[in-house]
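# Structural characterization, general
Here is how the chains run, residue by residue.
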2 protein chains.
Amino acid sequence: MARAGLSPDAIVDLALQIIDEEGPTAVTLSAVAGRAGVATPSLYKHVRNLAELNTRVSVRVMDELADRLREVVLGHSGAQALRAFMNAWRGYVVAHPGRYAAMIQASRPELAEAGGRLIDIVLAVLHAYGLEGADAIHATRCLRAAVHGFAVLETEGGFGLPVDLDDSYELLTQMIISGLPKPAQDHADGR
Amino acid sequence: MARAGLSPDAIVDLALQIIDEEGPTAVTLSAVAGRAGVATPSLYKHVRNLAELNTRVSVRVMDELADRLREVVLGHSGAQALRAFMNAWRGYVVAHPGRYAAMIQASRPELAEAGGRLIDIVLAVLHAYGLEGADAIHATRCLRAAVHGFAVLETEGGFGLPVDLDDSYELLTQMIISGLPKPAQDHADGR
DNA sequence: GCCTTAAAGCTAATGACAGTAGCCGTGGAC
DNA sequence: GTCCACGGCTACTGTCATTAGCTTTAAGGC
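None of these values were measured; they are calculated from a predicted model.

This part covers the domain arrangement of chain A. One frequently used descriptor of interface size is the decrease in accessible area upon assembly of the parts. All names here are of chain A. Assigned domains within chain A: domain 1 (8-43) and domain 2 (54-179). In this structure, domain 1 and domain 2 have C-alpha centres spaced 27 Å apart. If you look at the interface, domain 1 gives 9 residues, while domain 2 gives 8 residues. Surface buried jointly by domain 1 and domain 2 totals about 840 Å² across both partners, of which 64% is contributed by carbon and sulfur atoms. Broken down residue by residue, the surface that domain 1 buries against domain 2 is led by Val12, Leu16 and Pro24, which jointly contribute 50%. Where domain 1 packs against domain 2, one counts 3 salt bridges.

Structure representation (structure tokens):
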């Protein structure tokens, strides 16, 4: 038997393929093994169990999302950055609904690190807004709640009515931006 | 064998018991059958399958939540009503995290009706705010996104930091209330 | 008070999964 | 060329959901 050249990362790749093509519920060890051309139990040589695989997938997606956000926020500050952040978040969700859904269903503790990277981006954006300490935490939570809530409802078909979603999201963006405590006016970027 | 006196509703009751005591993932047909004192296949005489049971549970929880919200909103209007609505929503989620989690994971189509009842409450509140048509839809979506996003993050342990959650939610409430398009000034409550 | 019958149980069985135990070939290090 | 750890395999177990088909129960008509 030729070796299949598997690795934890390769397995996560296959899981992501399945997620993109058939949705997150289709990720079973036998489905992954099928794509790998391998018997199911062989996967256990590379991942501890299904839960660990799910966690790895989740981390991968979080990092992918974090990269997009970091990129998009770069070079902007204040409201500009916030708007870019929110648009990029929804953009990712709409482009990869399965991945987003997979991201949010995995056990907490192991995700702290990847989740932290995500939150740090928000904090950086808000920092440029002049928010620090508890104020920044509260603002981060509101931003996350709004953005995540909209994402979940949109991907799960919670918004049924034929009214433009972009407009709704624009209103949400407005609410967040104008609801934030005093921008400390570092006018534009730079020092 | 004495009959167990089962019915779809009785089965939903048992499922809710399990959800409250062991969480939504513990709801299996054998667990329910165990509590009912009945063999697993007997349940199929009352519910079509597990998916249908989950849907029924979801509807039940939605209606329970809708009742609370209706009650709490009654007699208030404008910002007052909005605030009451948001507090009651989070109150329910905190009091019954398992039920809320169970509510949001069930197939879409059959839930339209119960979901509609929930949304109608929001629309009624916003109506008193002077919002109609597309504006009301956009506002409803933002409100739902914020409230639901916060609920999901809170119940799933997404908010790790030791900073007061009540304060964060208060900020979110502020953002929503002050971000809504023009209140039509039904000045204060009363009339 | 009996008889019929449909509803409500039951047992047995299947098929999809996750996960475990233990065997064996392969290929890189030496 | 030899060795051995790694990566793959087969065989098996236990848990679920779900189906088929048999039996019991109790309610209603006579």
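From this point, the narrative continues.
Near DNA strand C there are 19 residues, and of these Arg3 and Leu50 of chain A together with Ala39, Ser42 and Lys45 of chain B occur at the shortest range. Considering the 4 Å shell around the protein, atoms of DNA strand C inside it are sugar or phosphate in 54% of instances. One of the backbone nitrogen or oxygen atoms of Leu29 of chain A is found 3.0 Å away from a phosphate oxygen of DNA strand C. At 2.5 Å from a phosphate oxygen of DNA strand C is found a side-chain nitrogen or oxygen belonging to Ser42 of chain B.

All right, on to the relation of the copies chain A and chain B then. Mapping chain A onto chain B leaves a residual RMSD of 0.0 Å; the transformation is a rotation of 180° accompanied by 0.0 Å of translation along its axis. Both chain copies can therefore be described as sitting about a two-fold axis. Considering only C-alpha atoms, the part of chain A nearest the rotation axis is Gly149 of chain A, at 1.8 Å. Most of the interface of chain A is mirrored in chain B, where 100% of its interface residues are also at the interface.

What surrounds DNA strand D is a group of 20 residues, the closest being Ala39, Ser42, Lys45 and His46 of chain A together with Arg3 of chain B. Here, DNA strand D places atoms within 4 Å of the protein, and 59% of those atoms are sugar or phosphate. A distance of 2.8 Å is found between a phosphate oxygen of DNA strand D and a side-chain nitrogen or oxygen belonging to His46 of chain A. The backbone of Leu29 of chain B places a nitrogen or oxygen atom 3.0 Å from a phosphate oxygen of DNA strand D. Its residues assigned to classes, the surface near DNA strand D shows 10 nonpolar, 7 polar and 3 charged.

Rules used throughout
Residues numbered from 1 in each chain as written. Chains lettered and ligands numbered in written order. Predicted model: local features only at pLDDT ≥ 70, side-chain atom pairs only at ≥ 80, totals over all residues. Heavy atoms only, no water. Domains from an automatic or database assignment. Contact = heavy atoms within 4.5 Å. Buried area = accessible area lost by both parts, 1.4 Å probe. Salt bridge = Lys/Arg side-chain N within 4 Å of Asp/Glu carboxyl O. Near = heavy atom within 4 Å. Polar contact = N/O pair within 3.5 Å; in protein donor to acceptor, adjacent residues only side chain to side chain. Least-squares fit on C-alpha atoms with pLDDT ≥ 70 in both. Nonpolar A, V, L, I, M, F, W, Y, C, P; charged D, E, K, R; others polar.

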